[in-house]
Amino acid sequence: MRTAYDVIIAGAGSMGMSAGYYLASQGAEVLLLDAFNPPHTFGSHHGDTRLLRHAYTGSRTYTEMALRADKLWTELEQAAGEPLIVRSGVLNIGTPDSSLLAAKLERSNEYGIELETLSSADMGNRWPGLTLRDSYTGMFEKRAGYLLSEACVSACRRLAEAQNAVVRPFTPLRRLEAERGDVRAHTGPGRLYRQSRSAQSRRLVRRHRTASEATDSRLPQGGGLV
Ligand SMILES: Cc1cc2nc3c(=O)[nH]c(=O)nc-3n(C[C@H](O)[C@H](O)[C@H](O)COP(=O)(O)OP(=O)(O)OC[C@H]3O[C@@H](n4cnc5c(N)ncnc54)[C@H](O)[C@@H]3O)c2cc1C
């Protein structure tokens, strides 16, 4: 059985499976270890839906990441050839003096995110199930919606495997040793996988570190782990 790979990913849920797919698409030899058989109901990705929205308050980085994620989810949906995103829109409701709604509006204007401001009567007409106080105001983010969470993990798995990534289900990582860029992943007594310090893995680590640092300079430096 093969034991050496360019990249070993421990945990093949939403994040890991997607990382595995993109790395394999870039030519890396990828091993994905998971304690269960993804998608499954023992992690964070379980169930049908996860909200996808863009107009976040707080750090601008979050909105920028959400917009970038939306682009990648859309590409993934095309590559998978099956529905993964439902653009139902997302409605935020608050009082007219809500600082969160004001910040959302400001962020939307800044990033060109379509946001419709609605009165309580507008919302009642559009969604008759809602009974709201007259004083409430709504902000409807039209292009937001939800991802089909388990289907996203399945799609990434299928596409990753099509790019020769190896998924080992029911193989929990027990111990990790990293020394001078070589990583040894122990999955049980006498069971060991190696992430070798090949030119390919060095190139990928460099490329991903540069991309990450462009997004957030607080990410840790150095080491042999992507
Ligand atoms: C109820 C709920 C609602 C949410 N709603 C939203 C939402 O609306 N919008 C949104 O964007 N996000 C939402 N999230 C968050 C989102 O689902 C998570 O951020 C995302 O699924 C996390 O992905 P992950 O890869 O970190 O975790 P997971 O998908 O859980 O993947 C982790 C994987 O690691 C495996 N694992 C664990 N230990 C080991 C080990 N030792 N060895 C090998 N494998 C191991 C697990 O089996 C699992 O498959 C929600 C989360 C929950 C729980």
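To keep things clear, this report deals only with the structure shown in the data block. Bear in mind the structure is a predicted one, so any value in this text is a computation, not a measurement. (Residues numbered from 1 in each chain as written. Predicted model: local features only at pLDDT ≥ 70, side-chain atom pairs only at ≥ 80, totals over all residues. Heavy atoms only, no water.)

### Some points on the packing of aromatic side chains
Move 1: Going through the model one piece at a time under the given rule, you end up with four aromatic pairs.
Move 2: Judged by centre distance (5.2 Å) and plane angle (55 degrees), the ring pair of Trp127 and Phe140 falls under tilted. Taken together, the residues Trp127 in the loop between α4 (120-126) and β8 (137-141) and Phe140 in strand β8 connect sequence positions 13 residues apart.
Move 3: Residue Phe140 is classed as buried on the basis of its relative accessible area, which comes to 10%.
Move 4: Geometry around Tyr5 places Arg2 over its ring, the cationic atom sitting 4.4 Å from the centre.
Move 5: Here the basic side chain of Arg126 rests over the ring of Phe140, its NZ or CZ set 5.5 Å away from the ring centre. (Phe/Tyr/Trp six-rings, centres within 6.5 Å; stacked < 30°, edge-to-face > 60°. Helix = DSSP H or I, 4+ residues; strand = E, 2+ residues; numbered from the N terminus. Buried < 20%, exposed > 50% of the residue type's maximum accessible area, 1.4 Å probe, protein only. Lys NZ or Arg CZ within 6 Å of the ring centre and 35° of its normal.)

### So, the sheet that holds strand β4 (residues 49-52)
Move 1: Pairing within the open sheet is antiparallel, and its three strands lie in the order β4-β9-β5. Edge positions in the sheet fall to β4 and β5 (85-86), since each has one partner strand and no second.
Move 2: Sitting on the sheet, helix α5 (residues 149-162) touches β4 and β9 (145-148), and the angle it makes with β9 is about 50 degrees. (Pairing = 2+ DSSP bridges. Contact = heavy atoms within 4.5 Å. Axes fitted to C-alpha atoms, helices over the stretch in contact; angles between N-to-C directions.)

### Some points on the nonpolar core
Move 1: Counting 24 residues, the largest nonpolar core has Met17, Val30, Leu32 and Leu84 as the members making the most contacts within it.
Move 2: When residues of this core are traced back to their parent elements, those giving at least two are β2 (7-10), α1 (14-25), β3 (30-33), α2 (60-80) and α5.
Move 3: Per-element accounting of this core gives the leading share, six residues, to α5.
Move 4: In contact with Met17, other than residues within four places in its own chain, are Ala12, Leu32, Pro38, Val153, Cys156, Arg157 and Val167.
Move 5: Leu31, Leu33, Ala185 and Tyr193 belong to the second largest nonpolar core, which has six residues in total. (Core = buried A, V, L, I, M, F, W, Y, C linked by side-chain atoms within 4.5 Å.)

### Some remarks on helix α3 (residues 99-111)
Move 1: Taking 1.5 Å of rise per residue, the 13 residues of α3 would be expected to cover 18 Å, and the 18 Å separating its terminal C-alpha atoms lies within 8% of that figure.
Move 2: Three or more residues of α3 are buried, namely Leu101, Lys104, Arg107 and Ser108. Along the axis of α3, the buried residues cluster in a sector spanning 125 degrees; they form a single face. Across α3 from its buried face, at more than 90 degrees, point the exposed residues Ser99, Glu106 and Asn109.
Move 3: Buried positions along α3 lie against α2, β6 (90-94), β7 (115-119) and β8.
Move 4: Here α3 starts with a cap whose side-chain oxygen sits 3.3 Å from the backbone nitrogen of Leu100, and that cap is Ser98.
Move 5: Phi turns positive, to about 65 degrees, at Gly112, one or two residues after α3. (Expected span 1.5 Å × (residues − 1). Arc of directions from axis to C-beta. Polar contact = N/O pair within 3.5 Å; in protein donor to acceptor, adjacent residues only side chain to side chain.)

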